[in-house]
2 protein chains.
Amino acid sequence: MAEPRNAFYAQSGGVTAVINASAAGVIEAAREHREHIDTVYAGANGILGALHEELIDTSAMSDADVAALKHTPAGVFGSCRYKLKGFDKNLAEYERLIEVFKAFDIGYFFYNGGGDSADTCLKISQLGERMGYPIRAVHVPKTMDNDLPLTDTCPGFGSVAKYTAVSIAEASLDIASMARSSTKVFILEVMGRHAGWTAAAGGLAARHEGDGPQILLFPEVAFDPERFLARVRETVEKVGWCTIVASEGITNPDGTLFAEAGGTDAFGHKQLGGVAARLADLVRSELGYKHHYAVADYLMRSARHIASGTDLAQSYAVGRAAVEKAVTGSSGIMVSIERESDSPYRWSIGEAPLEDVANNERMMPREFISEDGFHITEACRRYMLPLIQGEAYPDYADGLPQYFRFRPTLAEPRTGRRFEAA
Amino acid sequence: MAEPRNAFYAQSGGVTAVINASAAGVIEAAREHREHIDTVYAGANGILGALHEELIDTSAMSDADVAALKHTPAGVFGSCRYKLKGFDKNLAEYERLIEVFKAFDIGYFFYNGGGDSADTCLKISQLGERMGYPIRAVHVPKTMDNDLPLTDTCPGFGSVAKYTAVSIAEASLDIASMARSSTKVFILEVMGRHAGWTAAAGGLAARHEGDGPQILLFPEVAFDPERFLARVRETVEKVGWCTIVASEGITNPDGTLFAEAGGTDAFGHKQLGGVAARLADLVRSELGYKHHYAVADYLMRSARHIASGTDLAQSYAVGRAAVEKAVTGSSGIMVSIERESDSPYRWSIGEAPLEDVANNERMMPREFISEDGFHITEACRRYMLPLIQGEAYPDYADGLPQYFRFRPTLAEPRTGRRFEAA
């Protein structure tokens, strides 16, 4: 039998409340497969850790440390927004990766991220045929945006969905209390660049006649100010108040963004923001209602205190499965969640080829959006409700969650060469 | 012994995650004192319910219904922003109140609110000497702003403090994960009109060297852009990132508000908002760091899912105590919380004369703010940490909190006269 080799694991893109649970899954499964994997090195700040030869030696972590990852939000190893270019565009980067991987005898590559990261993982899986350095690369799915294809859901999304549904349920009760003499319209702005999954999750809070939110605004439905204002007025006249969950990515009929904060991130995506404030202005100037708005932003994706039990279990499971698949020979795949039934929700682990995953965003299906474009359908509810089940509370000490305080042990560099990522 | 009389209870001003627990305290205590109090009528939408003769008959609520109030945020009876004018300014209002109180044989008045509401409660307590309608009026303190004087803390604040500390702790982990290649500065805007209590609560999350938030901005400290930007740069250069909790009410050195959303509420207070967005602009234009911001707004005061156990216990206790004090003859007072020791935190119920409470805001003491004005001191931490102890989770069903769905039973009007509040 072949000697065990080492593994490289990294976190990529926007972090979530439960991505560290996937890390725990990878590390714990690797420790159970010592015949294949010796040490798991985690990249400090994602793939940058490999390029900069900043590798965190996870063998210095006790089993209790690794278990603590399951209840700690964000990325303890550091994440990054950095996308590898094509082989022809920046060969030096790939040469550098191989140099570092060789120095650390890396035979397994686990990349924990979303669509852009799947593309990086795909390129790594091709290092053998393209660059003569065979390596098994498996993608561990993670994105609060729920926009990866070929998986029932994306680890990280269920917790964001739960946060959103709980938050707008609570804010709706607040508005209902005050509407007679004060605020009548409340807008919650949620993250979600192109797909309306997170806004849709807000709709789960509306379970009975008269519940908020009464209006959801999705990027998938062009924003029409006239129809929006008419619906707000109708709702206030009927219910006395109106709560709204608006995706940051809603667009004008011509496809331009309704609100732009200006600037772009490292992937060339426009940085968004300001939707709630602009909607509030519209409500005030056109309808004259007193309003308030909240912007959830990173609070929603880091809200480990209200994480979904289902999401946590799936995040951990995809980490474990990535190792199990890699040690039995798989590469160039993403681990996926497969739904077996809606109610009771049953799921199992599957896989999908990275060629079909990378750079392929999954929008909300049209049948998940109500005909008028302002809410979710029963089909969406059936899909989404299982994902927010269970309250995976962290432990508390002195009134605050006991999140893991990680002091990483960096491996001694071996290449004797510095490299600066572009 | 005198015949029992009825009680009027109402919720006033901005609601909180735990004000309904005070309602439960009032109703449960009244049910234990049937020799003094027959029926508790709750005002629909605060004092407006009395003026409009919209009285909710709480005797129609089962004991289980009343208990359910303890885990339901916002004001189930409806709250209002409506301040009674002076006796000389709007006599008709007082005459109307007496008309309704007489019709319903109201002998006890319990008003659950903040500083403005304490003023209303004081005026009601004077109905005997001023208008010949003696009534025992006791104020049940409630305000997320923590700005009532003569009480150790205000029910509602502990939960907001816990929400703020937990949220910024989580967001800080997120920023720390991403700072190498992405967002370096994060700003959380919190409510709090004149006093910095809620921003101060964010400081509880910073327990160890390097923890966020590194900067707190209080209304009590004039905002100096130069010093702020210098501190942000210093922090990013040292730690790699910087998180900030900013009160919506921060002011320029000339005393004007740093950001104004325009408009005023029924009490004549300016409606605030936009601080985080403006701070973010400043950081981008002057320092060039990538940033994000969140606006907590009503999410923070309705966040029953992360309510403080201490706060819940105190909210319930002040409701009970109001009834116990009133039936033994007290009037014109506010129930208060008295601190007996910091650690372990021990508190008891006290009282304060409403003359000294009404319209008297308690600012943060200077010794709670660090010398540089950007953080809290150990004295503040000693004061505030007890208030966020305990996680008073609501029950969940199907992934969402089981908040009480109240269908109020309105008492048949008895005055035969309609009245419209101004």
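Calculation rules
Residues numbered from 1 in each chain as written. Chains lettered and ligands numbered in written order. Predicted model: local features only at pLDDT ≥ 70, side-chain atom pairs only at ≥ 80, totals over all residues. Helix = DSSP H or I, 4+ residues; strand = E, 2+ residues; numbered from the N terminus. Expected span 1.5 Å × (residues − 1). Buried ≥ 20, exposed ≤ 12 C-beta atoms within 10 Å, placed from the backbone. Arc of directions from axis to C-beta. Contact = placed C-beta atoms within 7 Å. Nonpolar A, V, L, I, M, F, W, Y, C, P; charged D, E, K, R; others polar. Pairing = 2+ DSSP bridges. Axes fitted to C-alpha atoms, helices over the stretch in contact; angles between N-to-C directions. Least-squares fit on C-alpha atoms with pLDDT ≥ 70 in both. Domains from an automatic or database assignment.

Residue and element names in this part refer to chain A. The end-to-end C-alpha distance of helix H10 (residues 275-287), which contains 13 residues, comes to 18 Å, matching closely the 18 Å that a straight helix rising 1.5 Å per residue would cover. For H10, every residue scored as buried is listed here: Val275, Ala276, Leu279, Ala280 and Val283. The buried residues of H10 all sit within an arc of 130 degrees when viewed along its axis, so they share a single face. On the buried face of H10, the contacting elements are strand E6 (185-190), helix H9 (225-239), strand E8 (242-247) and strand E11 (291-295).

Attention now goes to unusual backbone geometry. The linkage connecting A:Ser343 with the following residue, A:Pro344, adopts the cis geometry, with an omega of 5 degrees. Looking at the secondary structure, you find A:Pro344 in the loop between strand E12 (333-341) and strand E13 (346-353). In this structure, B:Asn146 takes a positive phi of about 55 degrees despite not being glycine. The topology assignment puts B:Asn146 in the loop between strand E5 (136-141) and helix H7 (157-178). Classification of B:Asn146 as buried rests on a count of 27 C-beta atoms within 10 Å. You will see that B:Asp297, though not glycine, has its phi angle at about 45 degrees, which is positive. Relative to the assigned elements, B:Asp297 resides in the loop between strand E11 (291-295) and helix H11 (298-302).

Let's shift gears to the interface of chain A and chain B. Each partner contributes residues to the interface: chain A has 58 residues there, and chain B has 58 residues. Listing elements by their share of the side of chain A that touches chain B, those giving two or more residues are helix H7 (157-178), E11, helix H11 (298-302) and strand E15 (400-401) of chain A. Considering every element that reaches the side of chain A that touches chain B, the biggest residue donor is H7(A), with 12 residues. Grouping the constituent residues of the side of chain A that touches chain B by class yields 32 nonpolar, 15 polar and 11 charged.

Residues and elements named next belong to chain A. In spatial order, the strands read E3-E2-E1-E4-E5-E12-E13; together these seven strands make up an open sheet with mixed pairing. Taken across any chain shown, the strands that pair with only one partner, and hence form the sheet edges, are strand E3 (55-57) and E13. Ignoring which end each strand starts from, the neighbouring axes of this sheet average 30 degrees apart. For strand E4 (residues 106-113) and strand E5 (residues 136-141), the ladder comprises six bridges, and the chain directions are parallel. By the bridge assignment, glycine 113 is partnered in E5 with proline 141. Contacts from helix H5 (residues 115-125) reach E4, E5 and E12 within the one sheet, and its direction differs from that of E4 by about 165 degrees. Contacts between helix H12 (residues 309-327) and the sheet are confined to strand E2 (37-43), E4, E5, E12 and E13, with E5 contributing the most and set at about 170 degrees to the helix.

Each copy of the chain is related to the other by a rotation around an axis and a translation along that axis. Expressed as a screw operation, the relation of chain A to chain B combines 0.0 Å of axial shift with a rotation of 180 degrees, fitting to an RMSD of 0.0 Å. Viewed as a symmetry operation, the transformation between the two copies matches a two-fold axis. Closest approach to the rotation axis among the C-alpha atoms of chain A is made by A:Val295, whose C-alpha sits 2.3 Å away.

Residue and element names in this part refer to chain A. Entries for chain A in the domain assignment read domain 1 (5-151 + 306-360 + 392-401) and domain 2 (157-304). Placing the centre of domain 1 and that of domain 2 at their C-alpha centroids yields a distance of 32 Å. Looking at the side of domain 1 that touches domain 2 residue by residue, the class counts come to 11 nonpolar, eight polar and six charged.

All names here are of chain B. Judged by how many residues are buried, E5 sits mostly within the fold: six of six residues are covered. Across the two faces of E5 the burial is the same, with Arg136, Val138 and Val140 and Ala137, His139 and Pro141 all buried. With two bridges connecting them, E5 and strand E12 (residues 333-341) associate as parallel partners. Looking across to E12, one finds that histidine 139 is bridged to methionine 334.

A few words on the pairing of E6(A). Residue and element names in this part refer to chain A. Buried residues dominate E6, accounting for six of its six residues. Side-chain alternation along E6 places Val185, Ile187 and Glu189 on one buried face and Phe186, Leu188 and Val190 on a second face that is also buried. Pairing geometry for E6 and E8, over six bridges, is parallel. Counted as the bridge partner of glutamate 189 is alanine 246 from E8. Where E6 lies against E11, five bridges are found, and the strand directions are parallel. Each bridged residue has a counterpart across the sheet, and for valine 185 the counterpart in E11 is histidine 291.

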